[in-house]
Amino acid sequence: MLKAWLAVKRISNGPIGFVPTMGALHEGHIALIRQARKESGLVVCSIFVNPTQFNDPKDFQKYPVTIEEDIYQLEIAGTDILFLPTIEALYPNGTKDLERYELGYLENILEGFYRPGHYQGVCQVMSRLLKAVEPELLFMGQKDYQQCMVVNRLIQLMQIATKLVTCPTIREADGLAMSSRNKRLNKEQRGNAVAIYKALNLIKENIGTRKTTEVIDEATQLLKKYNFNPDYVAIADAGTLELINRWHGEKKLVALIAAFQEEVRLIDNLIIN
Ligand code: AMP
C-alpha cells in the first residue's frame, strides 16, 4: 500500500529521502529530516521502536515514547510522510527464528560485542523498512558510527540502489551528543554525561604525542571520575573500524565510547585526526 503510493509520488516529486527513527525525537533527528528535505523530493520518516535490536528487555520497556510531540516536530521540519508501522505489520511471522545477515567482523566488535544480536536486529528492521519505502537516499547519524557501517553492508547484501548519507552528530551546548536516552538521565547524571565528550576530546588532543594505551587509560579514568561505567573506550581505523593499538599518523581514526551512567547506556564517537 505505502509502496504503491510512494511509487506514484516518486514520479511526480523526485527522489525519496528516508529517515528511520525510534521516536522520542530531538534536534539530532530533526537535522536528518532537514538534510533529507534539502536533498530529496519527498521526505519519509519512520518511527518504530524495534524489539529485535534490544538485547536488554528493560531498555526496550523503558525506551521513551513521545509520539504527539514527535508528530509536531516532524510537521514543522517539513516531513511529507510519517510511517508508523505496528510490530505485526513489520514482523508478520513474529520476531523469532529470523534469517541471519552475514555482517562479518562488524557484528562482533564494540557495540556488536557488548550488545549481542543488536546488529542482526538492526538489519531485520532496516531491511523491512527499506523494502517498504525503497528510498533513493537514506539519512542516518554519525552518532551511531558502527550502525552506519552495518547498514552500508546491508545495502550491499540486499543489492539495492539506496545511497546512505551519514550526517554529523548534533550536540547539546556542553558537547553531550543528543540522544533519546538522555531523557532518562536525572539532573546529576545529566551533569556527569558531558564526560563522554570530554574523554573523546582528551583522546583527540593526545593521540599524536602519547602511547595509545596510555591515552585510552586516561580517558577511561576520566569517565570513571564522572561515575561512568564504560563498556569500551576504543580507537579504530575510521574506514574499517579495525581497532588500533599503535598509530603512526597515517590513518584517519575514530574514537568510540560506550558507557553506563547508572542504568542508562550512552554512546558517542569523534573523528580524531
Ligand atoms: P534512533 O531514533 O536513536 O534510532 O536514531 C535515529 C537516527 O537518528 C539514527 O540514524 C541516529 O544515528 C540518528 N541520530 C541519533 N542521535 C543523533 C544526533 N545526536 N545527531 C545526529 N543524528 C543522530
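Preceding this section is the structure that the text describes.
All of these numbers come straight from a predicted model, not from anything done at the bench.

*Asks:* Hey, could you run me through the site of the ligand in this one?
*Replies:* The ligand sits among 16 residues. The nearest are M22, H29, D144, I170 and M178. Separating an oxygen atom of the ligand from a backbone N or O atom of M22 is a distance of 2.9 Å. Here H29 contributes a side-chain N or O atom positioned 2.9 Å from an oxygen atom of the ligand. Listed by contribution, the elements that provide at least two residues to the shell around the ligand are β1 (16–21), α2 (27–39) and β4 (137–141).

*Asks:* Please explain the sheet that holds strand β7 (residues 253–261) as it appears in this structure.
*Replies:* Two pairing modes exist for strands in a sheet, parallel and antiparallel, and in both the strands are linked by backbone hydrogen bonds. Here three strands make up an open sheet; going across it, the order is β6-β7-β8 and the pairing antiparallel. One side of each edge strand has no neighbouring strand; the edge strands of this open sheet are β6 (228–237) and β8 (264–271). With strand direction ignored, the average angle separating the axes of adjacent strands in the sheet is 15°. Across nine bridges, β6 lies against β7 in antiparallel orientation. Of the residues in β7, the one forming a bridge with A236 is V254. Each of β6, β7 and β8 is contacted by helix α10 (residues 195–206), which is oriented at about 30° to β8, the strand it contacts most.

*Asks:* I would appreciate a short explanation of the packing of α10 against helix α11 (residues 212–225) in the present structure.
*Replies:* Working note: a packed helix pair is described by the angle between its axes plus the distance between those axes. With their axes 9 Å apart at the nearest point, α10 and α11 run at an angle of 160° to one another. The angle between α10 and α11 falls in the class roughly antiparallel. Along this stretch, α10 crosses α11, giving a crossing that reads as right-handed. Seen from α10, the contacting residues are A195, I196, K198, A199, L202, I203 and N206; seen from α11, they are V215, E218, A219, L222 and L223. Here the residues of the contact of α10 with α11 sort into nine nonpolar, one polar and two charged.

*Asks:* Which parts of the structure should I look at to understand the nonpolar core?
*Replies:* Taken as a class, soluble globular proteins show a tendency for nonpolar side chains to be buried jointly. With 44 residues, the main nonpolar core has V44, M126, L130, V133, L138, L241 and L256 as its most contacted residues. Only β1, β2 (42–47), β3 (81–83), α7 (118–133), β4, α8 (145–158), β6 and β7 provide two or more residues apiece to this core. No other element matches the nine residues that α7 contributes to this core. Discounting chain neighbours no more than four positions away, the residues touching L138 are F18, P20, M126, L130, V151, I155, T162, K163, L164 and V165.

*Asks:* Teacher, can you tell me more about the pairing of strand β5 (residues 163–167) here?
*Replies:* If a strand is regular, its side chains alternate between the two faces of the sheet. Where β4 lies against β5, five bridges are found, and the strand directions are parallel. Within the sheet, the bridge partner assigned to M140 lies in β5 and is T166.

*Asks:* Can you help me understand unusual backbone geometry in this one?
*Replies:* A negative phi angle characterises most non-glycine residues, just as the trans form characterises most peptide bonds. Of note in the backbone geometry, L241 takes a positive phi value of approximately 70° without being a glycine. Tracing the chain through its elements places L241 in the loop between β6 and β7.

*Asks:* Hey, could you run me through the pattern of salt bridges in this one?
*Replies:* Working definition: two side chains of opposite charge can pair if their charged atoms are close together. Applying the stated criterion across every chain, the model contains 17 salt bridges. Note that R181 is salt-bridged to D59, the shortest N-O span being 2.9 Å. Within this pair, whereas R181 is found in the loop between β5 and α9 (187–192), its partner D59 is found in helix α3 (residues 57–61), the two being separated by 122 residues in sequence. When sorted by exposure, R181 lands in the same class as D59, which is buried. Put simply, E111 and R265 hold a salt bridge, and the shortest N to O gap is 2.9 Å. Remark: R265 occurs in strand β8 and E111 occurs in helix α6 (residues 111–114); sequence separation between them is 154 residues.

Calculation criteria
Residues numbered from 1 in each chain as written. Predicted model: local features only at pLDDT ≥ 70, side-chain atom pairs only at ≥ 80, totals over all residues. Heavy atoms only, no water. Near = heavy atom within 4 Å. Polar contact = N/O pair within 3.5 Å; in protein donor to acceptor, adjacent residues only side chain to side chain. Helix = DSSP H or I, 4+ residues; strand = E, 2+ residues; numbered from the N terminus. Pairing = 2+ DSSP bridges. Axes fitted to C-alpha atoms, helices over the stretch in contact; angles between N-to-C directions. Contact = heavy atoms within 4.5 Å. Parallel < 35°, antiparallel > 145°, perpendicular 65-115°, else oblique. Left-handed = near helix turned anticlockwise from the far one by under 90°. Nonpolar A, V, L, I, M, F, W, Y, C, P; charged D, E, K, R; others polar. Core = buried A, V, L, I, M, F, W, Y, C linked by side-chain atoms within 4.5 Å. Buried < 20%, exposed > 50% of the residue type's maximum accessible area, 1.4 Å probe, protein only. Salt bridge = Lys/Arg side-chain N within 4 Å of Asp/Glu carboxyl O.

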